[in-house]
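# A structural walkthrough
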Amino acid sequence: MSDYSIWVLEYATVEKFPFSVMMYGPQHQGTRKLPYAYALLKGKGETILIDTGYDHVNFGKTLADAYGVSNYHGPREVLAECGVAPEDVTTVLVTHAHFDHMGAIEHFPNAKFYLQKRELDKWVWALTLGNEYRFLVGGGDPADIVKAVDAAKEGRMILVDGDREDVLPGIDVHLAEDTHTYGSMYVTIRNDGARDSADKWIFAGDLIYTYDNLTGLDPEEPQIVPIGLAVGSQHNLIFSSARMLDSVGGEARRVIPVHEDRLHKAFPSRLTDAGLQVVEIALADGETSRVG
Amino acid sequence: MESAVGNGIDQAVLNYTAAARRVQDLLQQVLTQVAGYSLMLMTCDRPAARPEGSILLACQAAERAHDALRALHVPSKAAHHHHHLCKAAEATRWAFAAAETCAAADASEGDRDTLTRALWAATEHLRATARLLPGFEMVDFGQACCAVHAQAAIAARAE
């Protein structure tokens, strides 16, 4: 019995993403497909997104031309695959402040947004260091903060300071500081509502890009291997991955990397007419499957 | 909107671009900082949580941007771009003033409206500069996770 239906919805794709960025270490080992995606949860009277996707109007052409991002579709079209409109979304949990995770706030006019306070504090601080430190603020869009101010003025932006249990019933958020970004956040869904849940799902944001970050590449000798892109440290990425794994009793498939192309093989899924994957992680009582 | 690229870029425009890019970087930095400060003002109850040190440095950066803007040599082909850069700087200063007003205990809804209008004005003028000349994008994709594969993407298209 699940409290929330959970889907991962692809909204764009990078066909050839270097494996060495998805996973620290394997240089010159080619590329993998990297879907851009967000998660949709429905249940307990809430419609929840984990991340928003990006602002195609302003960046779409640049991303397509220079970086090979293809097949972008906006949230109205993507969410419709699960019978949801952007206006229906009540809450957005923003895992970190990069443009592809926080760049479409304006599309959800009725949602409350949760972001780690540290993510904002340290971004603002890092900007005082000077242009030679711009690596620390790469991927952030000033316009996203301006959009967040708009939401805050309407009482729809909540800055979370660290871990917080039950931001919504059965949903906890956790700070993974100084990892992929200064204030990255991962999300736990206790889908049976129990504190000591036997049915947990974790959304990892960009703390991992692939299941291989949790298992390594050698099944005989499993290991945690961090992603290749950290503002913080690989050390912190490893230990945040360990925390997530430990929380689900070591069952790696329950720690969801939305950029993992193999999700659609690990769970029931459907390819839409637009060529985007809809992956069904869980189905709440009374909810219709969107992949059947 | 007329693009300087469409008319061909001459050396004067290239010189302008190199110098103006630094101003744009400063203005984007300042916009993010004043927007971040504004977000703190609207979401944090405890004054101690506000980044006063950062905002002081941002004010200084805004002054440097203003000075650098006045020092720019602007060829006619870049006049439109320069216009938006000036307007962005003006709006950013306006946003600082509005944020200070909003920091007061008796700040009104109207004060907060003024602040968001100023922030959006700065954002839109900066976006306009990005449309007019190459190299003025507001996001540093070169350091973003999607972007480290740019060469791979270019090579893949060439295949």
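As shown above, the structure is provided for reference.
Attention here is on the structure that accompanies the text.

About the criteria used
The residue numbering used here restarts from 1 in each chain and proceeds along that chain's sequence as written. Chain A is the first chain written and ligand 1 is the first ligand written, with later ones labelled in order. Only residues with pLDDT of 70 or above have their local features reported here, since the model is predicted, and side-chain atom pairs are shown and tallied only from 80 upward, although totals for entire chains, interfaces and linings are computed over all residues. Only hydrogens and water are set aside when side-chain values are computed; all heavy atoms of the structure are taken into account. Helix and strand definitions here come from DSSP, where helices need a minimum of 4 consecutive H or I residues and strands a minimum of 2 consecutive E residues; each element is numbered from the N-terminal end. A helix is expected to span 1.5 Å for every residue after the first. Accessibility here uses a 1.4 Å probe with only protein chains present; expressed as a share of the type maximum, an area under 20% marks a residue as buried, one over 50% as exposed, and anything in between as partly exposed. Any two residues having at least one pair of non-hydrogen atoms within 4.5 Å are treated as being in contact. In protein, a polar contact requires one atom able to donate a hydrogen and another able to accept it; more generally it is a pair of N or O atoms within 3.5 Å, and residues adjacent in sequence count only if both atoms are side-chain atoms. Note on aromatic pairs: the rings of Phe, Tyr and Trp (six-membered ring only in Trp) are paired at centre separations within 6.5 Å, and the planes decide the class, stacked below 30 degrees, edge-to-face beyond 60, tilted for the rest. Should the NZ of a Lys or the CZ of an Arg lie within 6 Å of a ring centre and within 35 degrees of the ring normal, that charge is described as sitting over the ring.

## Topic: helix α6 (residues 142–153) of chain A
If you check α6(A), its first and last C-alpha atoms are 17 Å apart, about what 12 residues at 1.5 Å a residue would give, namely 16 Å. A large share of α6(A) lies buried, amounting to 10 of its 12 residues. When we look at burial in α6(A), the residues that qualify are A:Pro142, A:Ala143, A:Asp144, A:Ile145, A:Val146, A:Lys147, A:Ala148, A:Val149, A:Ala151 and A:Ala152. Residues of α6(A) that are buried in the fold lie against α4 (99–102), β6 (112–116), α5 (117–126) and β7 (157–160) of chain A together with α1 (11–43) and α4 (109–132) of chain B. N-capping of α6(A) is provided by A:Asp141, with a side-chain oxygen placed 3.0 Å from the backbone N of A:Ala143.

## Some remarks on the packing of aromatic side chains
Residues and elements named next belong to chain A. Under the criterion given, the structure shown has 10 aromatic pairs over all chains. On the basis of an interplanar angle of 40 degrees and a centroid distance of 5.0 Å, the ring pair of Tyr-54 and Tyr-72 is categorised as tilted. Placement of the pair is Tyr-54 in the loop between β3 (46–50) and α2 (56–67) and Tyr-72 in the loop between β4 (69–70) and α3 (75–80), with a sequence separation of 18 residues. Across the pair, exposure class does not vary: Tyr-54 and Tyr-72 are buried alike. Measuring from centroid to centroid gives 5.7 Å for Trp-201 and Phe-267, while their planes differ by 65 degrees, and the two rings are edge-to-face. You can see Trp-201 sitting in strand β11 (residues 200–203) and its partner Phe-267 sitting in the loop between α9 (263–266) and β13 (269–271), a full 66 residues away along the chain. Each member of the pair, Trp-201 as well as Phe-267, is classed as buried. Connected via pairs of aromatic rings, a cluster forms that spans Tyr-11, Tyr-36, Tyr-38, Tyr-54, Tyr-72 and Phe-99. One residue, Lys-122, lies across the ring of Trp-125, its end atom 4.2 Å from the ring centre.

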